[in-house]
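So you can see what is in the structure, the chains are spelled out below.
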Amino acid sequence: MQAFHWQDFQIQQITTTMMYGQILHHQGREEDLINLNVGGIQHKVERCVLLRFPNTRVGQLIQCCSDAAILELCDDYSPAEQEYYFDRSPQVFLCVLNFYRTGHFHALEELCVFYFSQEIEYWGICELDLEACCLDWFLERKQNACGRSGGASSEDISVVSSDLWRFEGTWCSETRKLMWQTLEDPSHSKCSKGVAVVSVLVILTSIVAMCIHSMPKFRHATDREHSVLDSLEVICILFFSVEFVLRVVAAPRPWSFLGSPLNMIDIASILPFYVTLAFESLDEDDGEENQSLVNMGKMVQVLRLMRAFRVLKLARHSEGMRAFGETLKNCHSEVGLLILFINIGVSFFSTFIYYTEKEEALSKLSSIPVCWWWAIVSMTTVGYGDVYPQTVAGRIVATLCILCGLLVTSLPITVIMNTFSKYFERNALRRCLSEAKP
C-alpha cells in the first residue's frame, strides 16, 4: 500500500479549492471577480462574496479608492492584472475563503492554535466566529497552552529565571544570583545538577536511617548510646540546615521566600530536630521526675514524628510531587466537595446501619461512632472486613453505602485528574518554548 503523505493531501486540498473558486464561482462577469494571490496560490472570488464581511481585511481592501490605501492592506498590488498579493499562509486562507463563501468558519486541528489565531487576526476575523464544533476544542487547547486553566506554579523550577531581575541593585547581586540559580535551578549548570543530586541522596539517606532506627533491634541498641544512625541523622540535618540558610541568603525576597509551601516544608523538617535537642538537654539537667518532664517527653515524641516531613522535601526535586501539590491547590473546591460528600454519606449510612443492627447480638455495630469507621471504610471501597452487618436489612444498607461511595468518589476525581495531567502539559510546553529560544 502506498504511504500517505500529508503534504500531498494539502496540495490536493488547495488544488480542489482553486478549482472550486475558478470554475464553480466563475459565473459572474470578469470585472466582478477579485484576483487574490495568497502565498503563491491564486484565487478568483466574486466581489459580492467578499463584501459579505466588509470589516475584514479583504472586505476593506476592495473598497479602497487609491493605490496607497490598497498597499496598506496587502503586501503588493498589480494594477495591470488587478491582482492583490499576500505573503501569508495559503492553508489558513482556505478556511478564511470558506468563511466568505459559506458564512461558516472552521479551524484546522493540525495547526498550532497560536499560529492559526495570528493568521485569522491578520485577515480581520475573530476566533469567536468559529463554529461550535471547533470553538470548544480551540479555546481549550489555547488555554492549556497558555497555562491559564490551572494557573502557573510559583514553585516551578522552570520559572526561576523570572525572578533574576529582582537582584538588580541589591548587595552582592552577582554572587547571590549565582547561588540562587545553583540551588533552585538544576538545569542551570553542572554544579547545580550536582547539588540537586546530592540533596536527593541526603534526603533518601535520612529517610532510610529513620526507618532503620524504628526497628526494635536498632532502637534498643541506640537508646543506650549514640550510634552510627544518630551521627548520620546529625549529618543530614546539618546539610539541610546549611542548604536552607543558603537559600534564604540567596533569595531575592527572603521574607516572601520563607512563606512559600516548599520552604515551610524545609522548616518543618529541620526545626523539630533542634527543639528535640533542646528538650533532651533540659531533661538531662533536671534529674527529678515531675509532670512537666513527662509532658516534655511526650512533646519530644511528637516532634520526632515530625521527621516524616523530610519525605516531602523530595517535592523540591520531583516534578510529580509538585504536580500533586499544585493539583490540590488548584482543585481545592473539588477536593472540599469530595470530603463534604463523604462526610454526608458517612453520617447518613452510619445512622441507618446502627438502627438496623442494634438489635442483633452478634453485630459489632453497637453505636453510631463505631458505625462511622464502618461507613468510612465502606464508602472509600477499602473494606477491611473487621466490622460488617449481620442482618439482611444491614446488608442492603451496606450495598447502598458501597454504591454511593463509588459514585461520590468518582465524580470529582475526573476533574482532579484532568488538572493533574494539564500540569505536565504546561511544563512540557514551557520546556519546548525555552528550548526554541535562541
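The notes below deal with the structure included here.

Quick notes on the rules
- Residues numbered from 1 in each chain as written.
- Predicted model: local features only at pLDDT ≥ 70, side-chain atom pairs only at ≥ 80, totals over all residues.
- Heavy atoms only, no water.
- Helix = DSSP H or I, 4+ residues; strand = E, 2+ residues; numbered from the N terminus.
- Contact = heavy atoms within 4.5 Å.
- Areas by Shrake-Rupley, 256 points an atom, 1.4 Å probe, with all protein chains shown as cover.
- Core = buried A, V, L, I, M, F, W, Y, C linked by side-chain atoms within 4.5 Å.
- Buried < 20%, exposed > 50% of the residue type's maximum accessible area, 1.4 Å probe, protein only.
- Pairing = 2+ DSSP bridges.
- Axes fitted to C-alpha atoms, helices over the stretch in contact; angles between N-to-C directions.
- Polar contact = N/O pair within 3.5 Å; in protein donor to acceptor, adjacent residues only side chain to side chain.
- Parallel < 35°, antiparallel > 145°, perpendicular 65-115°, else oblique.
- Left-handed = near helix turned anticlockwise from the far one by under 90°.
- Nonpolar A, V, L, I, M, F, W, Y, C, P; charged D, E, K, R; others polar.

## Some points on the overall build of the chain
Okay, so step 1: Scanning the chain from terminus to terminus reveals 18 helices and four strands.
Okay, so step 2: A separation threshold of at least 6 residues defines the contact pool for the chain, and within that pool the share at least 24 residues apart is 61%.
Okay, so step 3: Looking at the chain as shown, the accessible area adds up to about 25,900 Å², and 63% of this sits on carbon and sulfur atoms.

## Some details on the environment of Arg322
Okay, so step 1: Tracing the chain through its elements places Arg322 in helix H15 (residues 319–330).
Okay, so step 2: For Arg322 and Leu262, which are 60 residues apart along the polypeptide, the C-alpha to C-alpha distance reads 9.2 Å.

## Considering the nonpolar core
Okay, so step 1: Formed by 37 residues in total, the largest nonpolar core has its most connected members in Leu36, Tyr84, Phe86 and Phe116.
Okay, so step 2: Elements that contribute at least two residues to this core include exactly strand S1 (33–38), helix H2 (47–50), helix H3 (57–61), strand S4 (83–86), helix H5 (90–102), helix H6 (113–122) and helix H7 (132–146).
Okay, so step 3: Those residues within four positions of Leu36 in sequence are excluded, and the remaining contacts are Ile41, Gln42, His43, Val45, Leu50, Val58, Tyr84, Phe86 and Phe93.
Okay, so step 4: Judged by nonpolar contacts, the second largest core, of 16 residues, contains Leu338, Met379, Ala398 and Cys401.

## Quick notes on the sheet that holds S1
Okay, so step 1: Pairing is mixed across the open sheet formed by four strands, whose spatial order is S2-S1-S4-S3. Among the strands making up the open sheet, the edge pair consists of strand S2 (41–46) and strand S3 (76–78). On average, each strand axis in the sheet is tilted by 25° relative to the strand beside it, whichever way the strands run.
Okay, so step 2: Pairing between S1 and S2: six bridges, direction antiparallel. Residue pairing across strands places Asn37 opposite Gln42, the latter belonging to S2.

## Let's talk about the side chain of Asn35
Okay, so step 1: You can see Asn35 is positioned in strand S1.
Okay, so step 2: Classification of Asn35 by relative accessible area gives buried; the value is 13%.
Okay, so step 3: A polar contact is formed between the side chain of Asn35 and the backbone oxygen of Gln82, at a distance of 3.4 Å.
Okay, so step 4: Every residue in contact with Asn35, bar those within four places of it in the chain, is listed here: His43, Lys44, Glu81, Gln82, Glu83 and Tyr84.

## Here's the deal with the pairing of S1
Okay, so step 1: The element S1 is largely enclosed, with a buried count of six among its six residues.
Okay, so step 2: In S1, alternate side chains face the same way, and those of Leu33, Asn35 and Asn37 on one face and Ile34, Leu36 and Val38 on the other are all buried.
Okay, so step 3: The antiparallel pairing of S1 with S2 creates a hairpin that spans two residues between the two strands, and Gly39 there sits at a positive phi of about 60°.
Okay, so step 4: Here four bridges tie S1 to S4, and the two strands are oriented parallel to one another. Opposite Leu36, over in S4, you have Tyr84 as the bridge partner.

## Regarding the packing of helix H8 (residues 173–184) against helix H11 (residues 228–250)
Okay, so step 1: Remark: H8 packs on H11, axes separated minimally by 9 Å, with the N-to-C direction vectors making an angle of 130°. Classified by the interaxial angle, the pair formed by H8 and H11 is oblique. Classified by chirality, the crossing of H11 by H8 is left-handed. Across the interface between the two elements, Arg176, Met179, Trp180, Leu183 and Glu184 from H8 touch Leu246, Arg247, Val249 and Ala250 from H11.
Okay, so step 2: By residue class, the composition of the contact of H8 with H11 is six nonpolar, no polar and three charged.

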